[in-house]
Amino acid sequence: MSTALDVHVRELAEQGHTLLGGIETDEQAAQALRAFGELVPQYDGSLRYQVKAAPGFEERRYSKSVNTILVHTEAPGWNPPPTYLALHCRVQATCGSGHTELADMRRFVAMLGEADRAALYERDIEWVGHNTGGVGTEGVRRPVVERVNGRETLRFSYNLLATGQYDPPVDASVDPAELPLGSFGIHLAEQAEAFFRENKISVLIPENSVLVWDNQRMVHARSAYRDARRHLTRYWVAAPN
Ligand SMILES: [Fe+2]
């Protein structure tokens, strides 16, 4: 007999994401997510990170701003990056925006021309540690698609490829010679963004629900929003090997 959990496990494997409902507290969220793996400490060392607009980040493309955040995977500088990412919605934005957007990077890799695709497997990128400091700041050197034991782990950051920073100023401009893959990285970032616009699914996570997705396969982004009450709690999950 298949259980409710089986359905979510299957959805995660097949489509790369699933939505868990009826979760009202931090404890219930943690309990539900432990079915998928172990909760792991995030950039600041805590198991929970509050995604909520805060003063001081108005001019950055950052989780604590209301600005658009372009396509990326979480913590690409970690080895390995968290298997799953989860957002528990506490207060849903009521401005008609603030959606979490997801797309399957495997499909992006498959649709690229041969030379571009080969570069994703072959050209190493310095995935620097996160700007905010704390643990995991050393970073890793890996291609966009890392193959380990026949399994592929994807890392991506539009911002890092196009500006050299994860959370750049809104009006960032840089010399391509200083970017991780030079102007080829900008070309790649723009193709990924175009693919994302065409193929993304857009979820306005309902309150008391948790959106879980495969962070080694899916890229995510967030649309700009105005309702500063919006509040999500983020979790990182490491699946057992
Ligand atoms: Fe993110």
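Preceding this section is the structure that the text describes.
All values reported here derive from a predicted model rather than from experimental measurement. (Residues numbered from 1 in each chain as written. Predicted model: local features only at pLDDT ≥ 70, side-chain atom pairs only at ≥ 80, totals over all residues. Heavy atoms only, no water.)

In this section: the side chain of Ser97. Tracing the sequence through the fold places Ser97 in the loop between strand E5 (84–91) and strand E6 (100–104). Separated by 3.4 Å, the side chains of Ser97 and Ser223 make a polar contact. Here the side chain of Ser97 touches Ala224 through a polar contact of 2.5 Å, landing on its backbone oxygen. (Helix = DSSP H or I, 4+ residues; strand = E, 2+ residues; numbered from the N terminus. Polar contact = N/O pair within 3.5 Å; in protein donor to acceptor, adjacent residues only side chain to side chain.)

Glancing now at helix H6 (residues 182–199). Quick reminder: α-helices carry 3.6 residues per turn. Residues three or four places apart thus point the same way. With 18 residues, H6 should reach 26 Å at 1.5 Å per residue; the first-to-last C-alpha distance of 26 Å fits that figure. Considered for burial, the residues of H6 that qualify are Gly182, Phe184, Gly185, Leu188, Ala189, Ala192, Glu193, Phe195 and Phe196. As for H6, its buried residues are in contact with strand E4 (69–72), E6, helix H3 (105–111), helix H4 (114–122), helix H5 (158–163) and strand E13 (218–222). (Expected span 1.5 Å × (residues − 1). Buried < 20%, exposed > 50% of the residue type's maximum accessible area, 1.4 Å probe, protein only. Contact = heavy atoms within 4.5 Å.)

On to the sheet that holds E13. Across the sheet, four strands lie side by side as E4-E13-E6-E11; this open sheet has antiparallel pairing. Across the chains shown, the open sheet's two edge strands, defined by having one partner strand only, are E4 and strand E11 (201–203). Taking each pair of neighbouring strands and ignoring which way they run, the sheet shows an average axis angle of 20°. With three bridges joining them, E6 and E11 adopt antiparallel strand pairing. Residue pairing for E11: Glu101 is matched across the bridge by Ser202. Contacting E4, E6, E11 and E13, H6 crosses the sheet at an angle of about 105° to E6. (Pairing = 2+ DSSP bridges. Axes fitted to C-alpha atoms, helices over the stretch in contact; angles between N-to-C directions.)

Okay, the pairing of strand E14 (residues 231–238) next. Where burial is concerned, most of E14 is hidden: seven out of the eight residues are buried. With two bridges joining them, strand E2 (residues 38–39) and E14 adopt antiparallel strand pairing. Note that in E14 the partner of Leu39 across the bridge is Val237. In this structure, strand E3 (residues 49–51) lies alongside E14, joined through three bridges in antiparallel fashion. Bridge pairing in E14 links Tyr49 to Arg234.

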